[in-house]
Structure formats: structure tokens, C-alpha cells
Amino acid sequence: MLATRKLGELTVGAEGLGCMGMSQSYGVRDNDDESIATIHRALDLGVTLLDTADVYGAGANEELVGRAIRGRRDEVVLATKFGIVSGDNGAVRVRGDAAYVRQSCDESLARLGVDHIDLYYQHRVDPTVPIEETWGALTELVTAGKVGHLGISEAAPATIRRAHAVHPVTAVQSEWSLWTRDLEAEIVPTCRELGIGIVAFAPLGRGFLTGKISSTADLPADDMRRRLPRFTEANLDRNLAIVDALRKLADEKGVTAGQLALAWVAGRGDDVVAIPGTKRRTYLEQNVAALDITLTTEDLARIEDAAHAVAGARYSENMTRHVGR
């Protein structure tokens, strides 16, 4: 069974499972049975932290996760999120008002088919609502027993501090991988000062660091990565050099490039839990096996040198305005 790590006072398996891709973003939703089998296999391996959100698949992902954990609820640390509201043509807005917090929680509980959420995240910060209002409402949910622990995603250090002053923040979820290290300057030190755990999403660079994407043509027509600067043809060729270098290092250790990238994230600290996403049992097992890789100081230096020159921003301009608030 997997070793465990602590996110604040919450104990979880040392690696989690991101469930978003089972319902949206990375191609069509094609095989719910395999997705459910992947969740079951994750639980068998000791992967306890399952990550979803109300916006993933317009609620369908929560329903899917709920179906998968029926009868195994006590094995799961169930995490979901609120705050992103999808609009027409892919446009999104953010809400953090107290009424919406309460409404969102009740709706998520119903879709998931559970009586409580173990870790409830504010998915994005609403700049029109004081964080104290949002977190006051979240605190009420904890008091009511609907939520066990609270988290926040893609927030600025000052916002994390203000939220933590209202109610302890158990986890901050942010993108962290070899090609996204923005949070290391301020977010990570803030979390460690306050005793907050860090949940790293997209630790495989949205699949790019596995080496399975060599062209934009490899992505389905409706894949959201087509809208991300790093996946445009102008930047992709330059970024492929990173994967080539990783693959050479991985070959020396008898592992895959993706496993090497995950091992690097896992090595950031015992307060860090990566949540690589997959809807296939084969990839899940490869991801979990990455925890067995030992990296020396020399390995780390070579890995980081390979990934030092990433081409392109991680988000489009429209998506960027919703992070770091």
C-alpha cells in the first residue's frame, strides 16, 4: 500500500488522482466503465485523495466519482471545488458570495451522493467578494458537518493568509511541475509558514512531460490544450527538447519520462501531494510506481537543467486573469 502524507491535519495517500479528464478537457468522455475501474484500482493501491469539481463536465464528473465510490466511501478522501461558473462559448466567471457557497455545496453533495465532503476548495477567488465572506460561509459548512477541511486553489499569498485567519486552510492547490514552478517563490513559503499542505495539479504538464504529444495534431479537436500557449506549434517544437532530455535521463534509470517528472514533484517535500489525472488503469499504475523512484542530488540537477527553458505561458490571457488573486 502507498505511504501517506499530511495536508495540514488531513492524512492522505502520498499520491492522489485527478478525475477531471474522465469527463472533460482532454478529448471526449469515452468510457465511464474504465474510469470507474481506474478509481477502484486507485483505492486498491492506497490512492485515497480523489479530486473533482462541480464545473468538471458541468457536474457529470462529480456524479461519476460518486458512482465509483459507492460502497467504498470510507476509503476515500473526497475533494471537490466550487466557484467557477461556466458560460457560453467557453467563457467563465467566478463567484464567491456566501449564498453561492452554500448552494454549491448542497448541489455537490447531491451529485456525489454523500453526506459530507472531506476537502472543499474555493476553486478561484472572486475579486468582487471579500475573502472573509466566502470563508465565513465555508466555516458554517464545517460547523454543520457538511465539510471536513477547507482548501483554496490558485490564490495569492495575501489571500491565503486572509482565508487562513478566518478558518485554517488545509491545502492550497496549484499547478506544479517541471515546467510550471511559479508557486515556488511565494506560495510554497507561505504554505510552509502556516502549516498548509500543497496539492500539485497537472504534475505531468497536462500530459506533455510523458512524451506522448509531439504535435498539436496529436490532440483531439475539442481538447482544451489546443488553447494553451505551450501547446501551440510555435512553442511545441521548443518544448519537445525538454521531453527529449527527460527521456534520456529516464532511460538511464529504467523508468519513463512521466515517472521521472512525477518523482521530481513528489520530492518537493512531505507536505506535497501530486494529483496526476488519468482515466486508464495502466497509466494510473505507472504514476503510482513513480513514488518508488529515488533521485540523487545529481539526478535533480540534471532534471531541472533539462526543463529550464519552457516556451509559452501556461494559460491564455483570459484564463490567467482568474489566477493569483
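What counts, and where the lines are drawn
Residues numbered from 1 in each chain as written. Predicted model: local features only at pLDDT ≥ 70, side-chain atom pairs only at ≥ 80, totals over all residues. Heavy atoms only, no water. Helix = DSSP H or I, 4+ residues; strand = E, 2+ residues; numbered from the N terminus. Polar contact = N/O pair within 3.5 Å; in protein donor to acceptor, adjacent residues only side chain to side chain. Contact = heavy atoms within 4.5 Å. Phe/Tyr/Trp six-rings, centres within 6.5 Å; stacked < 30°, edge-to-face > 60°. Buried < 20%, exposed > 50% of the residue type's maximum accessible area, 1.4 Å probe, protein only. Lys NZ or Arg CZ within 6 Å of the ring centre and 35° of its normal. Core = buried A, V, L, I, M, F, W, Y, C linked by side-chain atoms within 4.5 Å. Salt bridge = Lys/Arg side-chain N within 4 Å of Asp/Glu carboxyl O. Axes fitted to C-alpha atoms, helices over the stretch in contact; angles between N-to-C directions. Parallel < 35°, antiparallel > 145°, perpendicular 65-115°, else oblique. Left-handed = near helix turned anticlockwise from the far one by under 90°. Pairing = 2+ DSSP bridges.

Per an unreviewed UniProt entry, the protein chain is named Aryl-alcohol dehydrogenase-like predicted oxidoreductase, and its organism is Nocardia pseudobrasiliensis.

**Digging into the side chain of Lys81**
Among the structural elements, Lys81 can be located in strand 5 (residues 77–82). One polar contact links Lys81 to Asp51, side chain to side chain, over a distance of 2.6 Å. With near-sequence residues (within four places) excluded, Lys81 lies in contact with Asp51, Thr52, Ala53, Asp54, Tyr56, Tyr120, Tyr121, His123 and Gln173.

**A short note on the packing of aromatic side chains**
If you walk through the whole model with that rule in mind, you get four aromatic pairs. Ring centres of Phe82 and Tyr120 lie 5.1 Å apart, and the angle between their planes is 40°; on these two criteria the pair is classed as tilted. Placement of the pair is Phe82 in strand 5 and Tyr120 in strand 8 (residues 117–122), with a sequence separation of 38 residues. Comparing Phe82 with Tyr120, the two get one shared label, buried. Measuring from ring centre to ring centre gives 5.8 Å for Trp179 and Phe231, while their planes differ by 90°; the resulting arrangement is edge-to-face. Taken as a pair, Trp179 in the loop between strand 10 (171–175) and helix 6 (187–194) and Phe231 in the loop between strand 11 (197–201) and helix 7 (233–253) lie far apart in primary sequence, 52 residues in all. Given the relative accessible area of 2%, Phe231 is considered buried. In this structure, Arg230 packs its charged tip against the face of Trp179, placed 5.0 Å from the ring centre.

**Quick notes on the nonpolar core**
By size, the foremost hydrophobic cluster in this structure holds 98 residues, and its most contacted members are Leu17, Ile39, Leu49, Tyr120, Ile152 and Phe208. Look past the residues within four positions of Leu17 in its chain and what remains in contact with it is Met22, Ile39, Ala42, Val47, Leu49, Leu50, Asp51, Ile275, Pro276, Thr278 and Leu284. Among the nonpolar cores identified, the runner-up in size contains five residues, and Met20, Ala53, Tyr56 and Ile84 belong to it.

**Some thoughts on the pattern of salt bridges**
Applying the stated criterion to the full structure yields 24 salt bridges. The closest approach of N and O atoms between Glu193 and Arg161, which form a salt bridge, is 2.6 Å. Residue Glu193 is found in helix 6, and its partner Arg161 is found in helix 5 (residues 157–166); the two are separated by 32 residues along the sequence. Taking the relative accessible area as the measure of exposure, Glu193 reaches 54% and is therefore exposed. Arg161 sits in the partly exposed class, given a relative accessible area of 36%. Among the salt bridges present, the one from Arg181 reaches Glu184, with a minimum N-O distance of 2.7 Å. Look at the salt bridges and you will find they share partners, linking Glu154, Glu175, Arg206 and Arg314 into a network.

**Some points on the packing of helix 4 (residues 131–143) against helix 5**
One can describe the packing of helix 4 onto helix 5 by two numbers: an axis separation of 9 Å at closest approach and a directional angle of 40°. Looking at the two axes, helix 4 sits oblique to helix 5. The way helix 4 lies across helix 5 gives a crossing that is right-handed. Residues Ile131, Glu132, Trp135, Gly136 and Thr139 of helix 4 touch helix 5, and the partners they reach there are Thr159, Arg162, Ala163 and Val166.

**Some remarks on the sheet that holds strand 5**
Taken together, the eight strands give an open sheet; going across it, the order is 3-4-5-8-9-10-11-12, and neighbouring strands pair in parallel fashion. The open sheet is flanked by strand 3 (17–18) and strand 12 (272–274), the only strands paired with a single partner. Note: strand 9 (residues 147–153) against strand 10, three bridges, orientation parallel. Opposite Ser153, over in strand 10, you have Gln173 as the bridge partner.

**A short note on unusual backbone geometry**
A positive phi angle is found at Ala202, which is not glycine, with a value near 50°. Topologically, Ala202 is positioned in the loop between strand 11 and helix 7. The phi dihedral of Arg206 falls on the positive side, at around 55°, and the residue is not glycine. Assignment of secondary structure puts Arg206 in the loop between strand 11 and helix 7. The class for Arg206 is buried, based on a relative accessible area of 10%.

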